[in-house]
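Listed below, chain by chain, are the residues.
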Amino acid sequence: MLCIQKNRILIKHYQLIITLESTIFECKMNQQIISIKGKNIEIRYYSQDEIMLMGEFTSIIFS
Amino acid sequence: MNLGYDYIVIETNDIVSFLKETKKHQLTLFHLHQLDALRYSFYVPIYQRYITSSMHLPIQKSIGLLHYLFLIFKFPQIIFTLAFISTLFILPHYIYDYKITGSLSIVNNQLQKDLNKQIQMMHPKLTYPQINKLYDHLKRKYQSEIDYLNVYQKGSVLHVEYTPASHNQKTVLKYQDYIAKKDGIIRQLDVKQGNVLVKVNQYVKKGDVLISHQIEDTKQQIKMIPTLGSVEAYTYQYIEASSSNVKDKDIFAYLLFKIRSQLPKDVKIDREKVLSYDIIEKKYVLKMQYVFIENIAIREDS
């Protein structure tokens, strides 16, 4: 599940982080890969099944 | 809401693997921030410190209430903590001092010895039956010396109060008038024995009889009665001081101090008023008026 606000995105029930960089974040979720692009991407909160990202997001791609 | 966090800085070239490891250990991270190419910083809740330790993560600093709570249980803070707890919770349950209030020094010393014998240092607080027992014991022992006795605890202090037996107090009856030693306006009368001849707010002159030792009964016969008491009155006094040291800037303060040092010691000052402050014949002259409250009643022969 994704909760999207202006500068933050909450990802619930993620399975695995694939990429973590300041411009791109990728994770696996429900057999899909979610790719979030933007600027200054940082993890605000990280737990076993939740991630909250902060930054200036430009796109979210499901593949 | 977390009560405290550990601040951790790690060095890694594969942050994704580290996060995978973190997920496996069920560790929660806050504010993951990349410091430079290899270093990352983040906060971890203090209650997950056992996971932090098991993952060998280096704690840089800690913040929050839990951190300070943990701090007080470390050496040497634990000593202060114990001292504080003992002061706050344990010491009030013990008696560590006695206070004897009474006017007979021999009885005071004897009571002190008795209490030292019966109640050792750091004795637990006395219960009501124990206080009653102590009261009975002291009352029985000092029956001939004291009239009123009170034993009570206040905080960690045991108070013993008594008044000497009335047969020990020597009272000599005197059959003399009380007269006014100076002019004044009566403020308050405290007459235990005698015939009061004045009223509150009455103006009396020096030598006036205030309390008489004579009283007329219904058969119009004069009877002699003992007198005892005091009469407080407002009295007025003018005091003047002068100084020729013209250069002194604090001359007023100096003159005021000079006047105040002349005031009688056994009076209360009701009012203090500057009447005049002038230069007379190259001298600074300060004139003050004082209203005192004092006992103006003295025995006729004294």
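Calculation notes
Residues numbered from 1 in each chain as written. Chains lettered and ligands numbered in written order. Predicted model: local features only at pLDDT ≥ 70, side-chain atom pairs only at ≥ 80, totals over all residues. Heavy atoms only, no water. Pairing = 2+ DSSP bridges. Helix = DSSP H or I, 4+ residues; strand = E, 2+ residues; numbered from the N terminus. Contact = heavy atoms within 4.5 Å. Buried area = accessible area lost by both parts, 1.4 Å probe. Salt bridge = Lys/Arg side-chain N within 4 Å of Asp/Glu carboxyl O. Polar contact = N/O pair within 3.5 Å; in protein donor to acceptor, adjacent residues only side chain to side chain. UniProt positions renumbered as here; feature names shortened; annotations may be inferred. Patch = residues over 30% accessible without salt bridge, like charges linked within 9 Å, V, L, I, M, F, W, Y side chains within 5 Å. Areas by Shrake-Rupley, 256 points an atom, 1.4 Å probe, with all protein chains shown as cover. Buried < 20%, exposed > 50% of the residue type's maximum accessible area, 1.4 Å probe, protein only. Axes fitted to C-alpha atoms, helices over the stretch in contact; angles between N-to-C directions. Left-handed = near helix turned anticlockwise from the far one by under 90°. Nonpolar A, V, L, I, M, F, W, Y, C, P; charged D, E, K, R; others polar. Phe/Tyr/Trp six-rings, centres within 6.5 Å; stacked < 30°, edge-to-face > 60°. Lys NZ or Arg CZ within 6 Å of the ring centre and 35° of its normal.

Chain B is annotated in an unreviewed UniProt entry as Sporulation protein YqfD of Faecalibacillus intestinalis.

Identification of chain A as Sporulation protein from [Clostridium] ammoniilyticum is taken from an unreviewed UniProt entry.

Draft legend 1. Looking closely at the sheet that holds strand 20 (residues 297-299) of chain B. Spatially, 4 strands are ordered 12-14-10-20 (chain B) in an open sheet, and the strand pairing comes out antiparallel. Of all the strands in the sheet, just strand 12 (195-196) and strand 20 of chain B have a single pairing partner and so form its edges.

Draft legend 2. Representation of the interface of chain B and chain A. Contact residues are listed per partner, giving 14 residues for chain B and 15 residues for chain A. The junction of chain B with chain A conceals about 1300 Å² of combined surface from both sides, 58% of it contributed by carbon and sulfur atoms. The interface formed by chain B and chain A includes 0 salt bridges. Our count for the contact surface shared by chain B and chain A stands at 7 residue pairs in polar contact (both at pLDDT 80 or more). Where strand 5 (residues 32-46) of chain A meets strand 2 (residues 29-34) of chain B, 3 bridges bridge the pair, whose relative direction is antiparallel.

Draft legend 3. Expanded view of the UniProt feature "transmembrane region" (unreviewed entry) in chain B. In this numbering, the UniProt entry assigns the feature "transmembrane region" (unreviewed entry) to residues 65-91 of chain B. Taken end to end, residues 65-91 of chain B is 78% helix and 0% strand, and its first and last C-alpha atoms sit 28 Å apart.

Draft legend 4. Quick look at the pairing of strand 11 (residues 184-193) of chain B. Residue and element names in this part refer to chain B. Relative to strand 13 (residues 203-204), strand 11 is paired through 2 bridges, and the arrangement is antiparallel. Directly across from Ile 185, in strand 13, lies its bridge partner Tyr 203. Strand direction decides the pairing type here: strand 11 and strand 17 (residues 228-243), joined by 7 bridges, are antiparallel. If you follow Gln 193 over to strand 17, its bridge partner there is Leu 228.

Draft legend 5. Summary view of a nonpolar patch on the surface. Residues and elements named next belong to chain B. Taken together, the side chains of Leu 3, Leu 65, Leu 69, Ile 72 and Phe 73 make up a nonpolar region of the molecular surface, amounting to roughly 480 Å² of accessible area. Residue placement: Leu 3 occurs in the segment before strand 1 (4-11). Under the relative-accessibility criterion, Leu 3 is labelled partly exposed at 44%.

Draft legend 6. Layout of the packing of helix 5 (residues 105-118) of chain B against helix 6 (residues 128-141) of chain B. Residue and element names in this part refer to chain B. Interaxial distance between helix 5 and helix 6 falls to 12 Å at its minimum, and their mutual angle equals 145°. For the pair helix 5 and helix 6, the sense of crossing is right-handed. Here Gln 110, Leu 111, Asp 114, Leu 115 and Gln 118 of helix 5 lie close against helix 6, whose contacting residues are Leu 134, His 137, Leu 138 and Lys 141. Here the residues of the contact of helix 5 with helix 6 sort into 4 nonpolar, 3 polar and 2 charged.

Draft legend 7. Broad picture of the pattern of salt bridges. Inspection of the entire model under this criterion finds 10 salt bridges over all chains. Salt-bridge contacts for Lys 12 of chain A lead to Glu 50 of chain A; the nearest nitrogen and oxygen are separated by 4.0 Å. Here Lys 12 of chain A is found in strand 2 (residues 8-12), whereas its partner Glu 50 of chain A is found in strand 6 (residues 50-62), with 38 residues between them in sequence. Look at Lys 12 of chain A and you get partly exposed, because its relative accessible area is 24%. Given the relative accessible area of 22%, Glu 50 of chain A is considered partly exposed. One continuous salt-bridge network, built from bridges that share partners, spans Lys 181, Lys 182 and Glu 294 of chain B.

Draft legend 8. Fine view of the packing of aromatic side chains. According to the stated counting rule, one finds 9 aromatic pairs over all chains in the structure shown. Ring centres of Tyr 14 of chain A and Tyr 46 of chain A lie 6.0 Å apart, and the angle between their planes is 45°; on these two criteria the pair is classed as tilted. Separated by 32 residues along the polypeptide, Tyr 14 of chain A in the loop between strand 2 and strand 3 (16-20) and Tyr 46 of chain A in strand 5 bring together distant segments of the chain. Overall, the relative accessible area of 1% leaves Tyr 46 of chain A in the buried class. Geometrically, the ring pair formed by Phe 18 of chain B and Phe 42 of chain B is tilted, given 5.6 Å between the ring centres and 40° between the ring planes. With Phe 18 of chain B in helix 1 (residues 15-25) and Phe 42 of chain B in strand 3 (residues 39-45), this residue pair connects regions lying 24 residues apart in the sequence. The two residues Phe 18 of chain B and Phe 42 of chain B agree in class, both being buried. Its end group placed over the ring of Tyr 14 of chain A, Lys 23 of chain B keeps NZ or CZ at 4.0 Å from the ring centre.

Draft legend 9. Main features of the sheet that holds strand 18 (residues 268-280) of chain B. Residues and elements named next belong to chain B. The strand order across the open sheet built from 5 strands is 13-11-17-19-18, with neighbouring strands paired in antiparallel fashion. Taken across any chain shown, the strands that pair with only one partner, and hence form the sheet edges, are strand 13 and strand 18. Bridge count between strand 17 and strand 19 (residues 283-295): 12 bridges; the pairing is antiparallel. Bridge pairing in strand 19 places Tyr 238 opposite Gln 289. Against the sheet, helix 7 (residues 251-260) engages strand 17, strand 18 and strand 19, with an angle of about 35° to strand 19.

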